[in-house]
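# Notes for the structure review
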Number of protein chains: 2
Amino acid sequence: MKSSSRKPVLAVPGRATSYDVARVAKVSQSAVSRCFKPGASVSSKMRARVMKAAEELGYRPNAIARSLITRRSNMVAVVISQQTHRYFPELLDELSRGFSARGIRVLLFTLEKESDIDVVLEQILQYQVDGVVEAARLSGEQVDMLEKRGVPFVFLNRSLRDRPVNAVCCDQAEGARWLVNRLVEAGHRSFGIVSGPADSVVSAERTQGALERLGELGIRQVAVVPGNYSYESGAAGLRLLESKLGRVPEAVICANDVMALGCMDAARHDLRLGVPADLSVVGFDGVGPARWKSYDLTTVQQPVRRMAEAAVSMIVERIEDPTLPPEKRTFSGILTHGSSARLRKP
Amino acid sequence: MKSSSRKPVLAVPGRATSYDVARVAKVSQSAVSRCFKPGASVSSKMRARVMKAAEELGYRPNAIARSLITRRSNMVAVVISQQTHRYFPELLDELSRGFSARGIRVLLFTLEKESDIDVVLEQILQYQVDGVVEAARLSGEQVDMLEKRGVPFVFLNRSLRDRPVNAVCCDQAEGARWLVNRLVEAGHRSFGIVSGPADSVVSAERTQGALERLGELGIRQVAVVPGNYSYESGAAGLRLLESKLGRVPEAVICANDVMALGCMDAARHDLRLGVPADLSVVGFDGVGPARWKSYDLTTVQQPVRRMAEAAVSMIVERIEDPTLPPEKRTFSGILTHGSSARLRKP
DNA sequence: ACGTCGCTTGCATTCGAATGCAAGCGCATC
DNA sequence: GATGCGCTTGCATTCGAATGCAAGCGACGT
């Protein structure tokens, strides 16, 4: 008889604790703990015994218990709106990749509306995450809360004016100005702009940047109509522009690619116009479909991968050293020439 | 002087524990705990005092500590390959929505290759998640591990033949047979199939289903070429088919929509063929771009939302009652008529 | 005034791993 | 064989919240 009925080897089968392993290996619990801590001082004999017992029992260190004592959960929260996620799944992929390469897990929070953020923030704080990536907007008080708790966080593509916070951005206005420059330089004189949802900072920056540059260049024929980032709203946008200007503008700037594609399709299929022969269409983001042959969109691509990588390393650095000062990193977009716009050869 | 220097109110500012709150409110720690547990027996006077102190200190219950004692982390792991995620971001959205509506957080694991699953599984077990959604394949031993640990899990669109496990699927073969039926009925006699990556079960089922039905209907002119689910491989697939058959087939069945779109573009732009005039193209999935006017693809749509919801509730039920027997739920795809295929009017 | 009942509250323990400290052990040296 | 050094190991405590149990309290009836 190996063991009396006094103590079963395992209370719950398949859920061994370090004590169970210790008992089987006839060593102390601390020894077991040390065997699973890289760089700890353990003799090879001990390690072998413990590992054997652990193997037998199917022991896995309990990350929850570990987090409690080490005050490190090795989890970061990623907050992203469904909008953003739908159009940019690769953002989440890259974040996940970056964090997991550094031994950090991602606790995901998707927002149906950006205003759901307060409930979510409460959750985040309860879960003791080591850091937060915010691809959503936060109010001043919400930022206060995070700062007061000492949780490192970084904004992705939205920042807080007049406040030193960590942020990774793509310079939307700059990209917009480029696009305008190239379009005007190629002779376009009347412009339509299809903006994104009212609560999108990114859309506002793109629209603002374009308008500003158009103003500087003395272009007067400009109309702005609202969209919501969807394909349908891009198509609808073109019709709105037509009725607003009395005719189709020579160039349409859409606040994202998907709307630009909708706009192109509306022009070609509904209005029977040539793109770029009769009108030029440009967008922002550089999503996959923009490169497809039916579209070949001229756009300003966001360096998603770099941005995600930057966000990851900014967070990780600040988990290691919370005293690092806030930092803003701004990337330029990448002007991608397609055939959806009539431009001078680059 | 409110308090002597002996004990500061908070060790780490902004990270109050239930003990801190208890001290400030001059009650016991258990009282604080009870105030944050819905349905506990607490007098309103007590609750008011505790809440006031908690407010002052910015107290949030520590979910990690709670999980340790309750043996419930209120987290589920979602495992998804980057492939799947890129083409189906809405799947993750819906899962996240469903779980968070039930007070459960999602711990995300994305796989670059499905073979990375073993490392990830190890992580999952350490994190004491209450359940797992697997949109990835698992080996028999891996399933054993999960079962031995008593962690409820459900497969999404991949199952284990000959084994009672929880799974939510879309009947791929059925959809494939439908497509073939409609195409043959409309007079198509030569077929090309662009399959997905070799390790994709879904692709195999679609391809197999189509081949089987074609065989039953006595269609002999059939070629299968490999793809990898990407737009480019859809376009390349058409060229492969052409060289394999000596000419372009009358109908091309692609193992997913994105390849179908690539195939359509290759036909129209490279080969200057009319779709559906010169060839019919169909796909699977029902992704957004398939509905765009430039494509208007005929496809078999997966009821992603229903499937995600089913997966969520299957997991949640089994967290509540682990004795529930395994269950497989299979949804039919939704045949969506577009104009990319020449079919008889429905 | 005393007993009873029911609701509140606090005490003490628990969950599982990490870690500072001190004891233990082996080995080499003189 | 005694001494000393350094590596291993175990002991005891800690992290923060939940909870069974028993004591406390108040109200009410007799």
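Residues numbered from 1 in each chain as written. Chains lettered and ligands numbered in written order. Predicted model: local features only at pLDDT ≥ 70, side-chain atom pairs only at ≥ 80, totals over all residues. Heavy atoms only, no water.

With 57 residues of chain A at the contact, the number on the chain B side is 57 residues. The junction of chain A with chain B conceals about 5,600 Å² of combined surface from both sides, 53% of it contributed by carbon and sulfur atoms. On the surface where chain A and chain B come into contact, there are 10 salt bridges. Here Glu122(A) ties to Arg60(B) by a salt bridge, and the two come within 2.2 Å at their closest N and O atoms. At the junction of chain A with chain B, the criterion picks out 32 residue pairs in polar contact (both at pLDDT 80 or more). Elements with a contribution of two residues or more to the side of chain A that touches chain B: helix H4 (63-70), helix H5 (82-87), helix H6 (89-101), strand S2 (105-111), helix H7 (117-126), helix H8 (140-149), helix H11 (231-245) and helix H12 (257-270) of chain A. (Contact = heavy atoms within 4.5 Å. Buried area = accessible area lost by both parts, 1.4 Å probe. Salt bridge = Lys/Arg side-chain N within 4 Å of Asp/Glu carboxyl O. Polar contact = N/O pair within 3.5 Å; in protein donor to acceptor, adjacent residues only side chain to side chain. Helix = DSSP H or I, 4+ residues; strand = E, 2+ residues; numbered from the N terminus.)

Let us look at the sheet that holds strand S6 (residues 190-195) of chain B. Residue and element names in this part refer to chain B. Reading across from one edge, S7-S6-S8-S9-S10-S12 is the order of the six strands in this open sheet, with mixed pairing throughout. The sheet is open, and its two edges are formed by strand S7 (221-226) and strand S12 (334-336), each paired on a single side. Here the average twist between neighbouring strands, direction ignored, is 15 degrees. Note that strand S9 (residues 280-285) and strand S10 (residues 298-301) share four bridges and pair parallel. Bridged to Asp285 within S10 is Gln301. Across the face of the sheet, helix H10 (residues 201-216) comes into contact with S6, S7, strand S8 (251-254) and S9 while running at roughly 165 degrees to S6. Helix-sheet contacts for helix H11 (residues 231-245) involve S6, S7 and S8, and the interaxial angle to S7 is about 140 degrees. (Pairing = 2+ DSSP bridges. Axes fitted to C-alpha atoms, helices over the stretch in contact; angles between N-to-C directions.)

What follows concerns the packing of aromatic side chains. One pass over the full model with this rule turns up nine aromatic pairs over all chains. Between Tyr295(A) and Tyr295(B), the ring centres sit 6.0 Å apart and the planes meet at 70 degrees, which makes this aromatic pair edge-to-face. Of the two residues, Tyr295(A) is situated in the loop between strand S9 (280-285) and strand S10 (298-301) and Tyr295(B) in the loop between S9 and S10; the pairing between them involves two chains. Look at Tyr295(A) and you get buried, because its relative accessible area is 0%. (Phe/Tyr/Trp six-rings, centres within 6.5 Å; stacked < 30°, edge-to-face > 60°. Buried < 20%, exposed > 50% of the residue type's maximum accessible area, 1.4 Å probe, protein only.)

This part covers the pairing of strand S8 (residues 251-254) of chain A. A regular strand places its side chains so that they alternate between the two faces of the sheet. Residues and elements named next belong to chain A. Of the two faces of S8, the one lined by Ala251 and Ile253 and the one lined by Val252 and Cys254 are each fully buried. As judged from the three bridges shared by S8 and S9, these two strands associate in the parallel manner. The residue bridging Val252 from the neighbouring strand is Val281, located in S9. Assessed by its sense of winding, the connection that carries the chain from S8 through H12 to S9 is right-handed. (Right-handed = clockwise from strand over helix to strand, strands pointing away.)

With that settled, consider the protein's contact with DNA strand C. With respect to spatial proximity, 29 residues lie near DNA strand C, and among them Ser18(A), Lys37(A), Arg66(A), Arg34(B) and Ile69(B) are the closest. At 3.4 Å, a backbone N or O of Ala65(A) approaches a base nitrogen of DNA strand C. One of the side-chain N or O atoms of Arg34(B) is found 2.6 Å from a base nitrogen in DNA strand C. Elements that contribute at least two residues to the surface near DNA strand C include exactly helix H1 (18-25), helix H2 (29-35) and H4 of chain A together with helix H2 (29-35) and helix H4 (63-70) of chain B. (Near = heavy atom within 4 Å.)

Once that is clear, we can look at the protein's contact with DNA strand D. Around DNA strand D, the surrounding shell holds 29 residues, and the nearest of these are Arg34(A), Ile69(A), Ser18(B), Lys37(B) and Arg66(B). Within the side chain of Arg71(A), an N or O atom sits 2.9 Å from a phosphate oxygen of DNA strand D. Listing elements by their share of the surface near DNA strand D, those giving two or more residues are H2 and H4 of chain A together with helix H1 (18-25), H2 and H4 of chain B. Partitioned by chemical class, the residues of the surface near DNA strand D number 11 nonpolar, 12 polar and six charged. (Nonpolar A, V, L, I, M, F, W, Y, C, P; charged D, E, K, R; others polar.)

Counting residues in each nonpolar core, the largest one holds 114 residues, and the members touching the most others are Leu95(A), Phe99(A), Leu95(B) and Phe99(B). Beyond its immediate chain neighbours, meaning those up to four positions away, Leu95(A) contacts Val78(A), Val133(A), Leu156(A), Ala308(A), Ala311(A) and Val312(A). In terms of nonpolar packing, the next biggest core, distinct from the first, is built from 54 residues, Phe155(A), Val79(B), Phe109(B) and Ala136(B) among them. (Core = buried A, V, L, I, M, F, W, Y, C linked by side-chain atoms within 4.5 Å.)

Before going further, it helps to spend a moment on the packing of H4(A) against H4(B). In contact at an axis separation of 9 Å, H4(A) and H4(B) are set at 135 degrees when each is read in the N-to-C sense. Classified by the interaxial angle, the pair formed by H4(A) and H4(B) is oblique. The element H4(A) and its partner H4(B) pack so that their crossing is left-handed. Contact residues: H4(A) offers Ile64(A), Ala65(A), Ser67(A) and Leu68(A), while H4(B) offers Ile64(B), Ala65(B), Ser67(B) and Leu68(B). (Parallel < 35°, antiparallel > 145°, perpendicular 65-115°, else oblique. Left-handed = near helix turned anticlockwise from the far one by under 90°.)

Omega for the bond connecting Val275(A) with Pro276(A) falls within 30 degrees of zero, at 15 degrees, which places this linkage in the cis form. Mapping Pro276(A) onto the fold places it in the loop between H12 and S9. Its identity as a non-glycine residue notwithstanding, Asn157(A) has a phi of 60 degrees, on the positive side. One non-glycine residue, Arg71(B), lies in positive phi territory at about 60 degrees.

The subject of this paragraph is the sheet that holds strand S12 (residues 334-336) of chain A. Residue and element names in this part refer to chain A. Spatially, six strands are ordered S7-S6-S8-S9-S10-S12 in an open sheet, and the strand pairing comes out mixed. At either end of the open sheet lies a strand with only one pairing partner, and these are strand S7 (221-226) and S12. Taken pair by pair, the neighbouring strands of this sheet meet at an average axis angle of 15 degrees, ignoring direction. In terms of strand pairing, strand S6 (residues 190-195) meets S7 through six bridges, oriented parallel. Across the sheet, residue Ser190 finds its bridge partner in S7, namely Gln221. Here H11 sits on the sheet and contacts S6, S7 and S8; the angle it forms with S7, its principal contact strand, is near 140 degrees. Packing of H12 onto the sheet brings it into contact with S6, S8, S9 and S10, and relative to S9 it is tilted by some 160 degrees.

On to the side chain of Thr207(A). As for its placement among the helices and strands, Thr207(A) is situated in helix H10 (residues 201-216). Ignoring sequence-local partners within four residues, the contact set of Thr207(A) consists of Ile193(A), Ser195(A) and Val224(A).

Attention now goes to the side chain of Gln172(B). Residue and element names in this part refer to chain B. Residue placement: Gln172 occurs in helix H9 (residues 172-185). The exposure class assigned to Gln172 is buried, which follows from its relative accessible area of 3%. Among the polar contacts made by the side chain of Gln172, one reaches the side chain of Arg206 at a distance of 2.7 Å.

Attention shifts here to the environment of Arg220(B). With respect to the helices, strands and loops of the structure, Arg220(B) is situated in the loop between H10 and S7. Along the chain, Arg220(B) and Val119(B) lie 101 residues apart, while their C-alpha atoms are 45 Å from each other.

Below, the discussion takes up the environment of Ser339(A). All names here are of chain A. Within the element layout of this structure, Ser339 appears in the segment after S12. We classify Ser339 as partly exposed; its relative accessible area is 38%. On a C-alpha basis, the gap between Ser339 and Leu111 in space is 35 Å, while along the polypeptide they are 228 residues apart. For Ser339, the residues in contact, after removing those within four places along its chain, are Val275, Pro276, Tyr295, Asp296 and Thr298. Polar side-chain contacts of Ser339 include one of 2.7 Å to the side chain of Asp296.

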